[in-house]
Amino acid sequence: GENVEQHPSTLSVQEGDSAVIKCTYSDSASNYFPWYKQELGKRPQLIIDIRSNVGEKKDQRIAVTLNKTAKHFSLHITETQPEDSAVYFCAASTNQGGKLIFGQGTELSVKP
Amino acid sequence: DVKVTQSSRYLVKRTGEKVFLECVQDMDHENMFWYRQDPGLGLRLIYFSYDVKMKEKGDIPEGYSVSREKKERFSLILESASTNQTSMYLCASSLSGGGGEQYFGPGTRLTVT
(Lines give C-alpha, C1' and ligand atoms only; values in the text may rest on other atoms or scores of the structure.)
Protein backbone atom coordinates (compact mmCIF):
# COMPACT_ATOMS: atom_id res chain seq x y z
CA GLY A 1 0.00 0.00 0.00
CA GLU A 2 0.86 3.68 -0.05
CA ASN A 3 3.52 4.99 2.33
CA VAL A 4 4.22 8.67 2.93
CA GLU A 5 7.41 9.91 4.55
CA GLN A 6 7.65 13.49 5.83
CA HIS A 7 10.70 15.54 6.83
CA PRO A 8 11.74 17.24 8.98
CA SER A 9 9.85 16.26 12.10
CA THR A 10 10.55 19.64 13.69
CA LEU A 11 11.46 22.96 12.10
CA SER A 12 12.28 26.24 13.80
CA VAL A 13 12.57 29.48 11.83
CA GLN A 14 12.75 33.19 12.55
CA GLU A 15 9.75 35.31 11.71
CA GLY A 16 10.00 36.46 8.11
CA ASP A 17 12.10 33.50 6.97
CA SER A 18 10.86 30.78 4.63
CA ALA A 19 10.00 27.24 5.68
CA VAL A 20 10.03 24.12 3.52
CA ILE A 21 8.55 20.74 4.41
CA LYS A 22 9.13 17.72 2.17
CA CYS A 23 7.21 14.50 1.60
CA THR A 24 7.81 11.41 -0.49
CA TYR A 25 5.24 8.81 -1.47
CA SER A 26 5.55 5.26 -2.74
CA ASP A 27 2.46 4.54 -4.87
CA SER A 28 2.80 5.94 -8.38
CA ALA A 29 -1.02 5.75 -8.70
CA SER A 30 -1.45 8.51 -6.10
CA ASN A 31 -2.93 11.58 -7.73
CA TYR A 32 -4.07 13.92 -4.96
CA PHE A 33 -1.77 15.54 -2.39
CA PRO A 34 -3.27 17.76 0.33
CA TRP A 35 -1.58 19.58 3.20
CA TYR A 36 -3.26 20.01 6.58
CA LYS A 37 -2.41 22.40 9.39
CA GLN A 38 -3.17 21.52 13.00
CA GLU A 39 -2.84 24.26 15.59
CA LEU A 40 -2.33 23.28 19.20
CA GLY A 41 -5.49 21.72 20.63
CA LYS A 42 -7.42 22.08 17.38
CA ARG A 43 -8.50 19.83 14.55
CA PRO A 44 -6.50 19.47 11.31
CA GLN A 45 -7.65 21.77 8.51
CA LEU A 46 -6.84 21.72 4.82
CA ILE A 47 -4.61 24.62 3.75
CA ILE A 48 -3.68 23.70 0.18
CA ASP A 49 -3.81 20.72 -2.15
CA ILE A 50 -2.45 19.73 -5.54
CA ARG A 51 -3.43 17.16 -8.12
CA SER A 52 -1.07 15.09 -10.22
CA ASN A 53 -1.74 17.02 -13.42
CA VAL A 54 -0.28 20.20 -11.89
CA GLY A 55 3.33 20.87 -10.94
CA GLU A 56 2.87 23.85 -8.64
CA LYS A 57 0.09 25.71 -6.86
CA LYS A 58 0.22 28.93 -4.86
CA ASP A 59 -2.11 30.59 -2.40
CA GLN A 60 -0.74 33.83 -1.00
CA ARG A 61 2.25 32.91 1.20
CA ILE A 62 1.98 29.16 0.76
CA ALA A 63 2.84 27.03 -2.25
CA VAL A 64 3.07 23.35 -3.00
CA THR A 65 5.25 21.72 -5.65
CA LEU A 66 4.94 18.20 -7.02
CA ASN A 67 7.54 16.07 -8.79
CA LYS A 68 5.75 12.96 -10.04
CA THR A 69 8.87 11.40 -11.48
CA ALA A 70 10.67 11.53 -8.15
CA LYS A 71 7.46 10.95 -6.20
CA HIS A 72 7.90 13.85 -3.86
CA PHE A 73 6.04 17.03 -3.03
CA SER A 74 6.84 19.99 -0.84
CA LEU A 75 5.14 22.78 1.10
CA HIS A 76 6.73 26.22 0.98
CA ILE A 77 5.75 28.99 3.38
CA THR A 78 7.24 32.42 2.75
CA GLU A 79 7.43 35.39 5.12
CA THR A 80 6.57 33.19 8.07
CA GLN A 81 4.58 34.66 10.96
CA PRO A 82 4.10 33.42 14.54
CA GLU A 83 0.57 32.29 13.66
CA ASP A 84 2.10 29.82 11.18
CA SER A 85 3.36 27.84 14.20
CA ALA A 86 1.54 24.49 14.07
CA VAL A 87 1.92 20.87 13.05
CA TYR A 88 1.71 20.35 9.30
CA PHE A 89 0.74 17.05 7.70
CA CYS A 90 1.13 15.99 4.10
CA ALA A 91 -1.00 13.24 2.62
CA ALA A 92 -1.45 11.24 -0.57
CA SER A 93 -4.49 9.60 -2.12
CA THR A 94 -5.27 7.22 -4.94
CA ASN A 95 -8.97 8.13 -4.76
CA GLN A 96 -9.93 4.83 -3.15
CA GLY A 97 -13.05 5.86 -1.23
CA GLY A 98 -11.42 9.20 -0.45
CA LYS A 99 -8.78 7.47 1.64
CA LEU A 100 -5.74 9.57 2.59
CA ILE A 101 -2.40 8.29 3.83
CA PHE A 102 -0.73 10.90 6.03
CA GLY A 103 2.90 11.66 6.73
CA GLN A 104 4.25 11.75 10.27
CA GLY A 105 3.85 15.51 10.67
CA THR A 106 6.21 18.49 11.01
CA GLU A 107 6.07 20.76 14.03
CA LEU A 108 6.85 24.25 12.78
CA SER A 109 7.86 26.91 15.27
CA VAL A 110 8.15 30.52 14.12
CA LYS A 111 10.09 32.64 16.57
CA PRO A 112 9.31 36.38 16.74
CA ASP B 1 -20.38 25.13 7.02
CA VAL B 2 -19.39 21.50 7.59
CA LYS B 3 -19.79 20.29 11.11
CA VAL B 4 -18.26 17.07 12.39
CA THR B 5 -18.87 16.30 16.04
CA GLN B 6 -17.57 13.58 18.34
CA SER B 7 -19.39 12.30 21.39
CA SER B 8 -16.68 13.07 23.95
CA ARG B 9 -13.60 15.28 24.15
CA TYR B 10 -12.06 13.27 26.98
CA LEU B 11 -12.72 9.68 28.01
CA VAL B 12 -11.14 7.48 30.68
CA LYS B 13 -11.79 3.74 30.57
CA ARG B 14 -10.42 0.66 32.26
CA THR B 15 -8.55 -2.18 30.58
CA GLY B 16 -10.97 -4.73 29.16
CA GLU B 17 -13.94 -2.38 28.88
CA LYS B 18 -15.89 -2.06 25.63
CA VAL B 19 -15.61 1.51 24.39
CA PHE B 20 -17.81 3.34 21.88
CA LEU B 21 -16.69 6.51 20.12
CA GLU B 22 -19.36 8.27 18.11
CA CYS B 23 -18.96 10.64 15.18
CA VAL B 24 -21.72 12.61 13.47
CA GLN B 25 -21.50 14.84 10.38
CA ASP B 26 -24.22 17.11 9.10
CA MET B 27 -23.18 17.63 5.46
CA ASP B 28 -24.52 14.46 3.86
CA HIS B 29 -20.99 13.19 3.19
CA GLU B 30 -20.64 9.68 1.87
CA ASN B 31 -17.12 9.01 3.16
CA MET B 32 -16.25 8.80 6.85
CA PHE B 33 -12.96 7.95 8.53
CA TRP B 34 -11.47 7.10 11.91
CA TYR B 35 -7.84 7.96 12.69
CA ARG B 36 -5.68 7.77 15.73
CA GLN B 37 -3.06 10.41 16.32
CA ASP B 38 0.11 9.70 18.28
CA PRO B 39 3.19 11.96 18.56
CA GLY B 40 5.71 11.26 15.82
CA LEU B 41 3.38 8.84 14.01
CA GLY B 42 1.02 11.27 12.34
CA LEU B 43 -2.56 10.34 11.58
CA ARG B 44 -3.02 6.64 11.08
CA LEU B 45 -6.18 5.33 9.43
CA ILE B 46 -8.08 2.73 11.46
CA TYR B 47 -11.22 2.19 9.35
CA PHE B 48 -13.17 4.06 6.74
CA SER B 49 -16.59 3.83 5.15
CA TYR B 50 -17.75 5.07 1.76
CA ASP B 51 -21.43 4.21 2.20
CA VAL B 52 -23.97 3.11 4.79
CA LYS B 53 -23.19 -0.36 6.11
CA MET B 54 -19.94 -0.41 4.12
CA LYS B 55 -16.57 -0.48 5.87
CA GLU B 56 -12.97 -0.94 4.86
CA LYS B 57 -9.92 -1.62 7.00
CA GLY B 58 -7.27 1.03 7.19
CA ASP B 59 -3.67 0.55 8.22
CA ILE B 60 -4.19 -0.32 11.90
CA PRO B 61 -7.60 -2.06 12.32
CA GLU B 62 -6.51 -4.61 14.93
CA GLY B 63 -8.46 -4.29 18.16
CA TYR B 64 -11.10 -2.02 16.59
CA SER B 65 -14.39 -2.41 14.77
CA VAL B 66 -16.81 0.11 13.28
CA SER B 67 -20.48 0.54 12.58
CA ARG B 68 -22.28 2.73 10.09
CA GLU B 69 -26.03 2.20 10.25
CA LYS B 70 -26.90 5.74 9.13
CA LYS B 71 -25.15 7.99 6.65
CA GLU B 72 -24.40 10.72 9.16
CA ARG B 73 -23.04 8.51 11.95
CA PHE B 74 -19.87 6.44 12.13
CA SER B 75 -18.99 4.63 15.33
CA LEU B 76 -15.64 3.25 16.43
CA ILE B 77 -15.70 0.35 18.86
CA LEU B 78 -12.87 -0.91 21.02
CA GLU B 79 -14.00 -4.43 21.83
CA SER B 80 -11.69 -4.83 24.84
CA ALA B 81 -9.73 -1.67 25.59
CA SER B 82 -6.02 -2.00 26.25
CA THR B 83 -3.48 0.52 27.51
CA ASN B 84 -1.81 0.70 24.08
CA GLN B 85 -5.05 2.14 22.73
CA THR B 86 -4.57 5.28 24.80
CA SER B 87 -4.50 7.96 22.12
CA MET B 88 -6.25 10.85 20.40
CA TYR B 89 -9.00 9.62 18.07
CA LEU B 90 -10.09 11.80 15.18
CA CYS B 91 -13.10 11.32 12.96
CA ALA B 92 -13.37 12.88 9.49
CA SER B 93 -15.80 12.99 6.59
CA SER B 94 -15.66 13.89 2.91
CA LEU B 95 -17.80 13.86 -0.21
CA SER B 96 -17.99 10.73 -2.33
CA GLY B 97 -15.19 9.72 -4.63
CA GLY B 98 -11.60 10.62 -4.04
CA GLY B 99 -9.38 13.64 -4.03
CA GLY B 100 -11.51 15.78 -1.78
CA GLU B 101 -11.12 17.69 1.44
CA GLN B 102 -11.61 15.78 4.66
CA TYR B 103 -13.32 17.63 7.49
CA PHE B 104 -12.22 16.62 10.94
CA GLY B 105 -14.01 16.43 14.25
CA PRO B 106 -12.48 17.92 17.42
CA GLY B 107 -11.04 14.61 18.57
CA THR B 108 -11.52 12.35 21.59
CA ARG B 109 -8.62 11.94 23.99
CA LEU B 110 -9.00 8.37 25.27
CA THR B 111 -7.05 7.14 28.26
CA VAL B 112 -7.14 3.45 29.13
CA THR B 113 -5.92 2.62 32.63
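Whatever comes next refers back to the structure up there.
So, a few notes on the structure that sits alongside this text. Counting from 1, residues in each chain are numbered in the order their sequence is written. Think of it this way: whatever chain is written first is A, whatever ligand is written first is 1, and the rest follow in order. Per-residue local features are limited, in this predicted model, to residues with pLDDT of at least 70; the limit for side-chain atom pairs, both in listing and counting, is 80 or more; totals at the level of whole chains, interfaces and linings are taken over all residues. Side-chain figures throughout are based on the complete set of non-hydrogen atoms in the structure, without hydrogens or water.

1. With respect to the nonpolar core
Spelled out, the test is: What makes a nonpolar core is a set of buried Ala, Val, Leu, Ile, Met, Phe, Trp, Tyr and Cys residues whose side-chain atoms join them at distances within 4.5 Å. Any residue under 20% of the maximum accessible area for its type is buried, any over 50% is exposed, and the rest in between are partly exposed; the area is computed with a 1.4 Å probe on protein chains only. Numbering of helices and strands runs from the N terminus; a helix is a DSSP stretch of H or I covering at least four residues, while a strand is a stretch of E covering at least two. Here a residue-residue contact requires only that any non-hydrogen atoms of the pair lie within 4.5 Å.
In this structure, Trp35, Phe73 and Leu108 of chain A are the most contacted members of the largest nonpolar core, which totals 24 residues. Contributions of two or more residues to this core are made by β2 (10-14), β3 (19-25), β4 (32-38), β5 (45-51), β7 (62-67), β8 (72-77), β9 (86-92) and β11 (106-111) of chain A. Beyond its immediate stretch of four places on either side in the chain, Leu108 of chain A contacts Leu11, Val13, Ala19, Ile77, Asp84, Ser85, Ala86 and Tyr88 of chain A. In terms of nonpolar packing, the next biggest core, distinct from the first, is built from 20 residues, Val4, Trp34, Ile46 and Leu78 of chain B among them.

2. Quick word on the state of the cysteines
Basically, it comes down to this: Only a pair of cysteine sulfur atoms within 2.5 Å counts as a disulfide in this structure description.
A full pass over the atoms with the stated rule returns 2 disulfides over all chains. Residue Cys23 of chain A pairs covalently with Cys90 of chain A via a disulfide, S to S 1.9 Å. Note on the Cys23 of chain A and Cys90 of chain A pair: the S-S dihedral is about -100°, so by sign convention the disulfide is left-handed. Of this pair, Cys23 of chain A sits in strand β3 while Cys90 of chain A sits in strand β9, and the two are 67 residues apart along the sequence. The pair formed by Cys23 of chain A and Cys90 of chain A is uniform in burial state, with each residue classed as buried. The disulfide bridge from Cys23 of chain B ends at Cys91 of chain B, spanning 1.8 Å between sulfur atoms. Residues Cys23 of chain B and Cys91 of chain B are joined by a disulfide whose S-S torsion is about -75°; by sign, that bridge is left-handed. Of this pair, Cys23 of chain B sits in strand β3 (residues 19-25) while Cys91 of chain B sits in strand β9 (residues 87-94), and the two are 68 residues apart along the sequence. The class of Cys91 of chain B is buried, set by a relative accessible area of 0%.

3. With respect to the interface of chain A and chain B
What counts, and what does not: Throughout this description, the term salt bridge denotes a Lys or Arg side-chain nitrogen within 4 Å of a carboxyl oxygen of Asp or Glu. As used in this structure description, the phrase polar contact means that two N or O atoms lie within 3.5 Å; if the pair is within protein, one of them must be able to donate a hydrogen and the other to accept it, and residues adjacent in sequence are counted only when both atoms belong to side chains.
Each partner contributes residues to the interface: chain A has 20 residues there, and chain B has 24 residues. Linking chain A with chain B are 0 salt bridges. Across the chain A-chain B interface, the total number found is 6 residue pairs in polar contact (both at pLDDT 80 or more). Of all the secondary structure elements, the ones that give two or more residues to the side of chain A that touches chain B are β4, β5 and β10 (101-102) of chain A.

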